[in-house]
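Here is how the chains run, residue by residue.
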Amino acid sequence: MEARDVPVPIPALATEPRFVQRLREHLEEEQLLDGRYRLQEVPGGRVALPVVEEKLSQLRLPQEIPCGLVQIQDPVPSRAARRQTPAQKLRDELRRLLGKSWSEELERDVPRAWQRHGDLVLLSEDCFRAAPWEKLGPALWETVASALGGRRLARRGRVLPDGMRSPSVTLLLGQDGWVEHVDNGIRYTFDVTKCMFSPGNITEKLRVASLPCSGEVLVDLYAGIGYFTLPYLVHAAAAFAHACEWNGHAVEALRRNLALNGVQDRCHIHHGDSRQLELRDIADRVNLGLIPSSEEGWPVACRVLKKGTGGVLHIHHNVETLPSPAPPQTPVLQAERESLEGAGSDGEVQHPAEDGGKETLGARIRPEWQRWAEATAAQIRGLLVELHGQPWRTSILHIEAVKSYAPHVHHLVLDLECRPMLPT
């Protein structure tokens, strides 16, 4: 039996049934009644009312109420406790923990959303910053983890400006930051204190998994821990992948993830700056999954494409969009819907925007998106002509809206087909 499954005794006051209502009113008035549990009958024809353990030292009972302190080994949760969401449970636990120190300021400092990776709960950076939390010490983090159903707890900060999008994450409870996450049947393991994980990219990972890549060679210029490399190999049936990554922590996670999913023999990892990649004339498909822009990788992508047959580039970019309605006649995109962004009813973030962008994506191609796609296609075509000394054509296959990255800024992916033009 796991430690958390062992019944924990709670303190309760036992009295005769005729005194129950008076005792309840007194405990409620003094904020000593523990609302998580129901009243229970105990031996001797008495009834026990649960008391907040942390406030036992404040217990002062009227002399006319005969009662005694007992320990309830198997407390029965109250109906209200059974209906509580994790967010509500967390606020109630913290209110009890702080007692009279509770305030509106602290209420605003309690997290409304979080990410869960296995038994580790990852909090946002804007919570538990007020000074009064510090005096609680480790008890605070144990309470938060327990209320949110975790055993380990971490809090993220701003992404570090080191060129590798390294996270600034503090481990608050637990000894190890390695976690496992499952998306679409693919297992990802990574250290939350060392590597980024973007659940907001789930729609693009699902789309990649559905692409017809059987027999193809993929080059992923910004592989990370395998966000897109793995869907290409596991679900899209790519024959082989070259995964480029310069962050050593991400490379370690990528090696583990390839083995976890049984595709380590179909991938070669290139640890280093992808701009210095020496491969050429090898790829049927190139993934350029870097935002806000992957433009520095475009010359490399052109070099690695097969010069005889060409292939498809998947170009990621953040595009700013004017706040105006899209024309009704434009084609519909498979855009991420609002229901896949933000938090669930219990506060756990399912698919958050990267930097807090909450704008709902429109479902139609917007003029700014089309202009960016056309300009990119023209620039890639110029690079290919310069590289090979012969005409090439570039065709826009699809524009995918992944998510809203910030107000009026959208993370897009352009599927661009690049083919050499045969002499007539």
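Cut-off values and rules
- Residues numbered from 1 in each chain as written.
- Predicted model: local features only at pLDDT ≥ 70, side-chain atom pairs only at ≥ 80, totals over all residues.
- Heavy atoms only, no water.
- Pairing = 2+ DSSP bridges.
- Helix = DSSP H or I, 4+ residues; strand = E, 2+ residues; numbered from the N terminus.
- Axes fitted to C-alpha atoms, helices over the stretch in contact; angles between N-to-C directions.
- 1 Å grid on protein atoms, 1.4 Å probe; cavity = no way out; pocket = protein on both sides within 12 Å on 5 of 7 lines; lining within 4 Å.
- Points joined across faces, edges and corners; volume = space filled by probe spheres on them.
- Nonpolar A, V, L, I, M, F, W, Y, C, P; charged D, E, K, R; others polar.
- Parallel < 35°, antiparallel > 145°, perpendicular 65-115°, else oblique.
- Left-handed = near helix turned anticlockwise from the far one by under 90°.
- Contact = heavy atoms within 4.5 Å.
- Buried < 20%, exposed > 50% of the residue type's maximum accessible area, 1.4 Å probe, protein only.
- Core = buried A, V, L, I, M, F, W, Y, C linked by side-chain atoms within 4.5 Å.

So, the sheet that holds strand β5 (residues 114-117)
Here four strands make up an open sheet; going across it, the order is β5-β6-β7-β8 and the pairing mixed. Whereas interior strands pair on both sides, the edge strands pair on one side only; in this sheet they are β5 and β8 (169-173). Looking at each pair of strands side by side, their axes are set apart by 25 degrees on average, direction ignored. Examined bridge by bridge, β5 and strand β6 (residues 120-123) share four bridges and lie antiparallel to one another. By the bridge assignment for β6, Q115 is matched with L122.

Here's the deal with empty space enclosed by the protein
Counted under the stated rule, the structure contains one cavity of 30 Å³ or more. There is about 40 Å³ of room inside the largest cavity. Going through the elements one at a time, β10 (186-191) and α6 (202-209) are the ones with two or more residues in the lining of the largest cavity. Ranked by the residues each element gives to the lining of the largest cavity, the list is headed by α6, at four residues. Of the residues assigned to the lining of the largest cavity, the class counts are six nonpolar, one polar and two charged.

Looking at the packing of helix α3 (residues 86-98) against helix α5 (residues 138-147)
Between α3 and α5, the shortest axis-to-axis distance is 9 Å and the interhelical angle comes to 155 degrees. When the interaxial angle is binned, α3 and α5 end up roughly antiparallel. Seen along the crossing, α3 lies across α5 with a hand that is right-handed. Between α3 and α5, the contacting residues are P86, K89, L90, E93, L94 and L97 on the first element and A139, L140, T143, V144, S146 and A147 on the second. Of the residues that constitute the contact of α3 with α5, the class distribution is eight nonpolar, two polar and two charged.

Description of unusual backbone geometry
Cis geometry is found at the peptide bond from I291 to P292, where omega equals 10 degrees. Positioned with a positive phi, F128 is a non-glycine residue whose angle comes to about 55 degrees. Among the secondary structure elements, F128 is positioned in the loop between β6 and α5. Of note, D281 is a non-glycine position whose phi angle comes to about 55 degrees, a positive value. Mapped onto the elements, D281 comes out in the loop between β13 (267-271) and β14 (285-288). The class for D281 is partly exposed, based on a relative accessible area of 39%.

Considering the nonpolar core
Among the nonpolar cores identified, the biggest contains 34 residues, and F190, I225, Y232, L233 and L258 are the most heavily contacted of them. Elements supplying a minimum of two residues to this core: β6, β10, α7 (229-234), β12 (240-245), α8 (248-260) and β13. Broken down by element, this core gets its largest block of residues, five residues, from α8. If we skip the residues at most four places from it in the chain, L233 touches A238, F240, A241, L258, V263, R266 and C267. The next biggest cluster of nonpolar side chains, apart from the first, holds 32 residues, and it includes V286, V300, A377 and I399.

Some thoughts on α6
Of all the eight residues making up α6, seven are buried; the element is thus mostly covered by neighbouring parts of the structure. Looking at α6, one finds that the buried residues are I202, T203, E204, K205, R207, V208 and A209. Looking at the buried side of α6, the elements it contacts are β9 (178-183), β10, α7, β15 (311-320), β16 (392-406) and β17 (409-420).

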